[in-house]
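# Coordinate analysis (summary)
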Amino acid sequence: MLAAFFDNVPLMIMLTGALVGIAATLVGTFLVLRGNSMLSDAISHSIVFGIVVVWLLTRQQSGPVQILGAALTGVLTVFLTELLANTQRVKNDAAIGIVFPVLFSIGVLLLNLYARDIHIDEHTVLLGEIGFVWLDTFDVWGLHIPQSLVWMGAMTLVNLAFVTLFYKELKLSTFDTALAKALGFAPGVIFYALLALTSATAVAAFDSVGAVLFIAFVIVPPSAAYLLTDRLWLMLVYGSLVSILSSVSGYYLAVVLNVSIGGMMAVMTGGFLTLAFLFGPRYGLIAQVMRRRNQALVNECRTLAVHLFNHEGRPEAEEENVTAALREHLLWGEAKARAVLMRSYDQKLIERQGELLALTPRGRALARDILEPWAQGTGTQTMR
């Protein structure tokens, strides 16, 4: 049964993609919330330098040593970026744009000079090929287990353990660095640990999915989750679900369309981001349009209440507090005036007294709350 599981090529590809997505989302969520998401781009390129240096020192192309070397390179990237930005001669984004191309270019030069004949090149690191993960395996008790699945499974567990153990510290240092410092949580150490895990995840993923798909998984699923919820733990869950769905749907669409599997997985993360952007319950475009429309409808009823209140009990009330005056003085068309009157009737804000439009106690309290906000009225509370 286990042999059939690990011999299922489509399942191994989708599972590897899902694990990359989950591991990337666990660290990427905090980068997105901190506004440092593009550091993942810098790290994923600069780790080429770390990979080559580790190979020159140890002659190992993969494994824990490579992961450690890449993690240190990622930390070095961020350290150099902050060092350059702290000079106040360049901005933070410019510092990123200076540091990672330098490290990346040095890594590419070292590859071409000293590692031309081995299975490490910039094409592999940047693009990878998730469709071939089932070919490179470990033999464990007669089972052929894809190496990418093992390394990404391990990184996913490590990232999950880190987020679980330091959830409070991560949350506080992300949203309120000053308070985290005051409470002794060392937000700087937490941040560098997060970046080290981001680097380690990137190098664990580069041989299977490449840096480009890794960047997509780090940034896009957390961004989609951010549009769906304001709760951090739900953001982590939603981001992981988006990663899983992107991996599964991306694989099947790639097979149907005969295109790159990794490329289609990245496209699907963008597709789910688009859906969240359009249909998100709070920040989605449609939800915002509906809220603005509903607020406009509420404001129309409030405008009617204020208009009637201003003329209530005055000699001109017989001319102003009638339906015809709404079209003349408020510039409402007949259809709009009728719709506003019907909504106001339904909310029990107005009533008819012959031809006259009169405020109910509820409508009068609403108008008084608008015109006299300093007073302790009850109209607004009643409308909620």
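For the structure, check the block above.
Source: prediction; values computed, not measured.

What counts, and where the lines are drawn
- The numbers attached to residues start from 1 for each chain and follow its sequence in the written order.
- Given that the model is predicted, a residue must reach a pLDDT of at least 70 before its local features are reported, and side-chain atom pairs must reach 80 or more before they are shown or counted; all residues, however, enter totals for whole chains, interfaces and linings.
- Only hydrogens and water are set aside when side-chain values are computed; all heavy atoms of the structure are taken into account.
- For patches, a residue must show more than 30% relative accessible area and have no salt bridge; joins then use 9 Å for like charges and 5 Å for nonpolar side chains, namely Val, Leu, Ile, Met, Phe, Trp and Tyr.
- All accessibility values rest on the Shrake-Rupley procedure with a 1.4 Å probe; residue burial counts only the protein chains present in the view.
- When a carboxyl oxygen of Asp or Glu is within 4 Å of a side-chain nitrogen of Lys or Arg, the pair counts as a salt bridge.
- Here a strand is any run of E in DSSP of at least two residues, a helix any run of H or I of at least four, and the numbering for each starts at the N terminus.
- Relative accessibility thresholds used throughout: buried, under 20% of the residue-type maximum; exposed, over 50%; partly exposed, between the two (1.4 Å probe, protein chains only).
- Any two of the Phe, Tyr and Trp rings considered here, Trp counted by its six-membered ring, make a pair once their centres fall within 6.5 Å; the pair's planes then place it as stacked at under 30 degrees, edge-to-face at over 60, or tilted in between.
- What a helix is expected to span follows from its residue count: subtract one and scale by 1.5 Å.
- Two axes enter the bend calculation: one fitted to the seven residues ending at the residue in question, the other to the seven starting there, and the bend is the angle between them.
- As used in this structure description, the phrase polar contact means that two N or O atoms lie within 3.5 Å; if the pair is within protein, one of them must be able to donate a hydrogen and the other to accept it, and residues adjacent in sequence are counted only when both atoms belong to side chains.
- In what follows, a contact means two residues having at least one pair of non-hydrogen atoms within 4.5 Å.
- Lines fitted to the C-alpha atoms define the axes, with helices restricted to the stretch that makes contact. Angles between their N-to-C directions range from 0 to 180 degrees.
- Should an angle lie under 35 degrees it is considered roughly parallel, over 145 roughly antiparallel, and from 65 to 115 roughly perpendicular; all remaining angles are considered oblique.
- Just so you know the grouping, Ala, Val, Leu, Ile, Met, Phe, Trp, Tyr, Cys and Pro go in nonpolar, Asp, Glu, Lys and Arg go in charged, and all remaining residues, Gly too, go in polar.
- Any two strands between which DSSP finds at least two bridges are classified as paired.

### With respect to a nonpolar patch on the surface
The grouping of Trp 233, Val 237, Leu 241, Ile 244, Val 248 and Tyr 252 at the surface amounts to a nonpolar patch, some 530 Å² of accessible area in total. Looking at where Leu 241 falls in the secondary structure, it is placed in helix 12 (residues 232-257). Overall, the relative accessible area of 44% leaves Leu 241 in the partly exposed class.

### Quick look at the packing of aromatic side chains
Applying the stated criterion to the full structure yields four aromatic pairs. Their ring planes at 45 degrees and their centres at 5.3 Å tell us that Phe 162 and Phe 166 sit as a pair that is tilted. Ring geometry for Tyr 226 and Tyr 283: centres 6.0 Å apart, planes at 0 degrees, overall stacked. With Tyr 226 in helix 11 (residues 210-226) and Tyr 283 in the loop between helix 13 (261-279) and helix 14 (285-311), this residue pair connects regions lying 57 residues apart in the sequence. We classify Tyr 226 as partly exposed; its relative accessible area is 40%.

### Quick notes on helix 2 (residues 9-34)
Note: α-helices contain 3.6 residues per turn, so residues at a spacing of three or four share the same orientation. Its 26 residues give helix 2 an end-to-end C-alpha distance of 38 Å, which sits within 8% of 38 Å, the value for a rise of 1.5 Å per residue. Maximal helix bending in helix 2 amounts to about 35 degrees, located at Val 27. Among the residues of helix 2, the N-terminal cap falls to Asn 8, whose side-chain oxygen and the backbone nitrogen of Leu 11 are separated by 3.2 Å. Directly after helix 2, the chain includes Gly 35, whose backbone phi takes a positive value near 75 degrees.

### Comments concerning unusual backbone geometry
Located in the positive-phi region is Ala 186, a residue other than glycine, with phi close to 50 degrees. Within the element layout of this structure, Ala 186 appears in the loop between helix 9 (177-182) and helix 10 (187-206). Phi is positive for Lys 348, close to 60 degrees, though the residue is something other than glycine. Relative to the assigned elements, Lys 348 resides in the loop between helix 17 (334-346) and strand 3 (350-353).

### A short note on the environment of Ile 261
Along the chain, the position of Ile 261 falls in helix 13. Ile 261 sits in the buried class, given a relative accessible area of 14%. Between the C-alpha atom of Ile 261 and that of Leu 103, which follows or precedes it by 158 residues, the distance is 29 Å. If near-sequence neighbours (up to four positions away) are discounted, Ile 261 is found in contact with Ile 13, Ile 130, Gly 131, Gly 250, Tyr 251 and Ala 254.

### Concerning the environment of Arg 364
Relative to the assigned elements, Arg 364 resides in helix 18 (residues 361-371). Expressed as a C-alpha distance, the spacing of Arg 364 and Gly 239, which sit 125 residues apart in the sequence, is 48 Å. With near-sequence residues (within four places) excluded, Arg 364 lies in contact with Phe 309, Glu 312 and Leu 359.

### Observations concerning the packing of helix 13 against helix 14
Where helix 13 meets helix 14, the axes come as close as 3 Å, and the angle between the chain directions of the two elements is 5 degrees. With respect to helix 14, the element helix 13 is oriented roughly parallel. Contacts between helix 13 and helix 14 involve Phe 277, Leu 278 and Phe 279 from the former and Leu 285, Ile 286 and Ala 287 from the latter. Taken together, the residues of the contact of helix 13 with helix 14 break down into six nonpolar, no polar and no charged.

### Considerations on the pairing of strand 1 (residues 137-140)
Working note: regular strand, side chains alternate between the two faces of the sheet. Alignment of strand 1 against strand 2 (residues 143-146), held across four bridges, turns out to be antiparallel. In the strand pairing of strand 2, Phe 138 is matched with Ile 145.

### A short note on the pairing of strand 4 (residues 356-359)
Bridge count for strand 3 against strand 4 is four bridges, and the pairing is antiparallel. Paired with Glu 351 across the strands is Ala 358, a residue of strand 4. Once strand 3 ends, the chain turns through two residues before running back antiparallel as strand 4, passing Gly 354 with a positive phi of about 70 degrees.

### A word on the pattern of salt bridges
Two side chains that carry opposite charge are able to pair once their charged atoms sit near each other. Enumeration over the complete set of coordinates arrives at five salt bridges. In this structure, Arg 282 engages Asp 230 in a salt bridge whose closest nitrogen and oxygen atoms are separated by 2.2 Å. Placement of Arg 282 in the loop between helix 13 and helix 14 and of Asp 230 in the loop between helix 11 and helix 12 is noted, with a sequence separation of 52 residues between them. Given a relative accessible area of 47%, Asp 230 falls into the partly exposed group. Here the salt bridges do not stand alone but share partners, grouping Glu 300, Lys 336 and Arg 343 into one network.

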